[in-house]
Amino acid sequence: MGTDADVEGAAEHCNTVLDAVSRAVIADESTLETVLSGFLSRGHVLLEDVPGTGKTLTARSLASALGLSFSRIQFTPDLLPADITGTYVFNEQTQAFDFREGPIFGNVVLADEINRASPKTQAALLEAMGEGQVTIDGETHALPEPFFVIATQNPIEQDGTFPLPEAQVDRFVVKTSLGYPDEAGERELIDRRAARTDRTPTVGTSAAIDPAALRQAPESVHVEDEVRAYVVDLARASREDNRVATGVSPRATQRLFEVARALAVVRGRSYVTPDHVARIAPDVLAHRLVLTPDARVDDVDKRAVVDDLLDSVPVPTVSYADGRN
């Protein structure tokens, strides 16, 4: 089993980050947990929300709380791959071409309205997400470490958009939504604005937080055999549902395992419970499902399919050596 002290220390830092982001963003705590778990699992996050729900502020606040650099890319139909990755510029003094980094060279990158860019430009970003590097004119350039992308898309306005292919959506470890705040949250938003002179709140950085160490912490989290089997059973059940044309891939099975471990760290556990798996499964699996034509006509919700899988797949009872269940 993982070292409790290491996980407890990482959990304290995670709480510090979540508290800092929560002071800037009015959002459900579980959603912020999901985004942070995506970071800890070394993946990338897709946020699907209408404009004005705090996506940019969430990404910028997370970067500030972690002490990481932040860059924002506004995706438009005329955006070229070189506008993201960078290009070579002729230097008259040296009579040579120097590489000028694009905005992709940041620790936390907000890919705003990713579905507005052409498929070629989308692919340039997704290649960087998968490989952690970009190749330009035959030269490979490593991206900063850590490298974390939060991409957004508007689920309502579809004019002038290029929907992400299923294979590209699969590159995001989780897909979630900030959603609208409740009435109390929206009132708090106004009260916070009245208490400061700047339109956008700022988030401080804790010097004690080591992002690399946070990302390493899930590797020490223990997962019992019964919980590992539960992860596999959920993935395999998605391929047998008659509403699903293509179930989740083995890569998705691995991602569910990884994000469940990350969530355990965020919640201060050195072991994964079935509850951790069930909590994160809709965010990890739903966007990877390809529904049948009949299911699409019936407007079946993918998250509802995952919820049904969670109801149908037996939940294991796990007893740990120290008596924890």
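This text follows the structure it describes.
Residues numbered from 1 in each chain as written. Predicted model: local features only at pLDDT ≥ 70, side-chain atom pairs only at ≥ 80, totals over all residues. Heavy atoms only, no water.

Quick word on the sheet that holds strand S5 (residues 108-112)
Here five strands make up an open sheet; going across it, the order is S2-S5-S8-S1-S9 and the pairing parallel. Of all the strands in the sheet, just strand S2 (70-74) and strand S9 (174-176) have a single pairing partner and so form its edges. Across this sheet, the average inter-strand angle for adjacent strands is 20°, counted without regard to direction. Where strand S1 (residues 45-48) meets S9, three bridges bridge the pair, whose relative direction is parallel. (Pairing = 2+ DSSP bridges. Helix = DSSP H or I, 4+ residues; strand = E, 2+ residues; numbered from the N terminus. Axes fitted to C-alpha atoms, helices over the stretch in contact; angles between N-to-C directions.)

Let's talk about a negative patch on the surface
Judged by side-chain charge, Asp19, Asp28, Glu29, Asp182, Glu183 and Glu186 come together as a negatively charged surface patch. Its place among the elements puts Asp182 in the loop between S9 and helix H7 (183-194). According to the relative accessible area criterion, Asp182 is exposed, its value standing at 53%. (Patch = residues over 30% accessible without salt bridge, like charges linked within 9 Å, V, L, I, M, F, W, Y side chains within 5 Å. Areas by Shrake-Rupley, 256 points an atom, 1.4 Å probe, with all protein chains shown as cover. Salt bridge = Lys/Arg side-chain N within 4 Å of Asp/Glu carboxyl O. Lys, Arg positive; Asp, Glu negative; His and termini not counted. Charge placed at Lys NZ, Arg CZ, Asp CG, Glu CD. Buried < 20%, exposed > 50% of the residue type's maximum accessible area, 1.4 Å probe, protein only.)

Describing the environment of Glu92
Along the chain, the position of Glu92 falls in the loop between strand S3 (86-91) and strand S4 (96-101). Judged by relative accessible area, which is 64%, Glu92 ranks as exposed. In this structure, the C-alpha to C-alpha distance between Glu92 and Ala260, residues 168 residues apart in sequence, is 52 Å.

Some words on helix H2 (residues 29-40)
In this model H2 runs 16 Å from its N-terminal to its C-terminal C-alpha over 12 residues, within 8% of the 16 Å that 1.5 Å per residue would give. Among the 12 residues of H2, 10 are classified as buried, and the element is accordingly described as predominantly covered. Turning to H2, its buried residues number three or more, namely Thr31, Leu32, Glu33, Thr34, Val35, Leu36, Ser37, Gly38, Phe39 and Leu40. Looking at the residues trailing H2, positive phi occurs at Arg42, about 65°. (Expected span 1.5 Å × (residues − 1).)

Topic: the pairing of S4
Summarising burial for S4: zero of the six residues are buried, a small minority. Once S3 ends, the chain turns through four residues before running back antiparallel as S4, passing Gln95 with a positive phi of about 55°.

Let's talk about the pattern of salt bridges
All told, the structure shown has 15 salt bridges when counted by the stated rule. Residues Lys175 and Glu48 are paired through a salt bridge, measuring 3.4 Å at the closest nitrogen-oxygen approach. Pair noted here: Lys175 is in strand S9 and Glu48 is in strand S1, with a separation of 127 residues, a long-range link. On the basis of relative accessibility, which here comes to 25%, the residue Glu48 falls in the partly exposed class.

Here's the deal with the packing of helix H9 (residues 225-238) against helix H10 (residues 250-266)
Contact geometry for H9 and H10: axes closest at 9 Å, N-to-C directions at 140°. With respect to each other, H9 and H10 are oriented oblique. Handedness of the H9/H10 crossing: right-handed. Listed contacts from H10 to Arg228, Val231, Val232, Leu234 and Ala235 of H9 are Thr253, Leu256 and Phe257. (Parallel < 35°, antiparallel > 145°, perpendicular 65-115°, else oblique. Left-handed = near helix turned anticlockwise from the far one by under 90°. Contact = heavy atoms within 4.5 Å.)

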